[in-house]
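Overview (structure and organization)
So you can see what is in the structure, the chains are spelled out below.
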Amino acid sequence: QVQLVESGGGLVQAGGSLRLSCAASGRTFSSYVMGWFRQAPGKEREFVAGIMWSGGWTYYGDSVKGRFTISRDNAKNTVSLQMNSLKPEDTAVYYCAQSRKIAIATAQYVDWGQGTQVTVSA
């Protein structure tokens, strides 16, 4: 079991930037994958970005490619999401999660954080 705690959410104007962090404590392995998801009111949870702890795989959802960057710090057991050129449609609760394998489907992620709110004003 792993515990995941997100931080860094907040309110930002369109065009601005935010950096989210996810601190993991407990069971992680280099082959496991960390993902960022988001869920806006009335919408399904959406895959945003993923990275393998070993760094051997990264992947981005189409809506964030070129604007968001996922990274990991193995020494600190943290995964970050740098979000640039934010748009109002990026407003959502952002969650980090861990999967035992490469995946972008929500169902493949078994450990979840509590989420952090990101609000982008027009």
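Quantities reported herein were computed from a predicted structural model and do not represent experimental measurements.

1. Observations concerning the sheet that holds strand E7 (residues 68-73)
Pairing is antiparallel across the open sheet formed by four strands, whose spatial order is E1-E3-E8-E7. If you trace the sheet from one side to the other, it starts and ends with strand E1 (2-7) and E7, each paired once. Each strand of the sheet is rotated relative to its neighbour by a mean of 15°, with strand direction disregarded. Pairing of strand E3 (residues 18-26) with strand E8 (residues 78-83) involves six bridges; the strand directions are antiparallel. Within E8, the position partnered with Ser21 by the bridge is Ser80.

2. Structural notes on the nonpolar core
With 28 residues, the main nonpolar core has Trp36, Val48, Phe68, Ile70, Leu81, Met83 and Tyr94 as its most contacted residues. Secondary structure elements with two or more residues in this core: E1, E3, strand E4 (33-39), strand E5 (46-52), E7, E8, strand E9 (92-99) and strand E11 (116-121). When residues of this core are assigned to their parent elements, the largest contribution, four residues, is made by E3. Non-local contacts of Phe68, meaning those with residues more than four positions away in its chain, are made with Arg38, Val48, Tyr60, Leu81, Gln82, Met83, Asn84, Leu86, Asp90 and Tyr94. By size, the runner-up hydrophobic cluster in this structure holds eight residues, among which are Val33, Phe37, Met52 and Trp57.

3. Looking at the packing of aromatic side chains
Per the counting criterion, the structure on display carries eight aromatic pairs. Ring geometry for Phe37 versus Phe47: centroids 5.5 Å apart, planes at 80°, classification edge-to-face. With Phe37 in strand E4 and Phe47 in strand E5, this residue pair connects regions lying ten residues apart in the sequence. In terms of burial, Phe37 and Phe47 fall into one category: buried. One Lys or Arg, Arg45, reaches over the ring of Trp112 and ends 4.8 Å from the middle of that ring. Lying over the aromatic face of Tyr59, Lys65 brings its terminal NZ or CZ to 6.0 Å of the ring centre.

Cut-off values and rules
- Residues numbered from 1 in each chain as written.
- Predicted model: local features only at pLDDT ≥ 70, side-chain atom pairs only at ≥ 80, totals over all residues.
- Heavy atoms only, no water.
- Pairing = 2+ DSSP bridges.
- Helix = DSSP H or I, 4+ residues; strand = E, 2+ residues; numbered from the N terminus.
- Axes fitted to C-alpha atoms, helices over the stretch in contact; angles between N-to-C directions.
- Core = buried A, V, L, I, M, F, W, Y, C linked by side-chain atoms within 4.5 Å.
- Buried < 20%, exposed > 50% of the residue type's maximum accessible area, 1.4 Å probe, protein only.
- Contact = heavy atoms within 4.5 Å.
- Phe/Tyr/Trp six-rings, centres within 6.5 Å; stacked < 30°, edge-to-face > 60°.
- Lys NZ or Arg CZ within 6 Å of the ring centre and 35° of its normal.

Any link to function would need more than the numbers given here.
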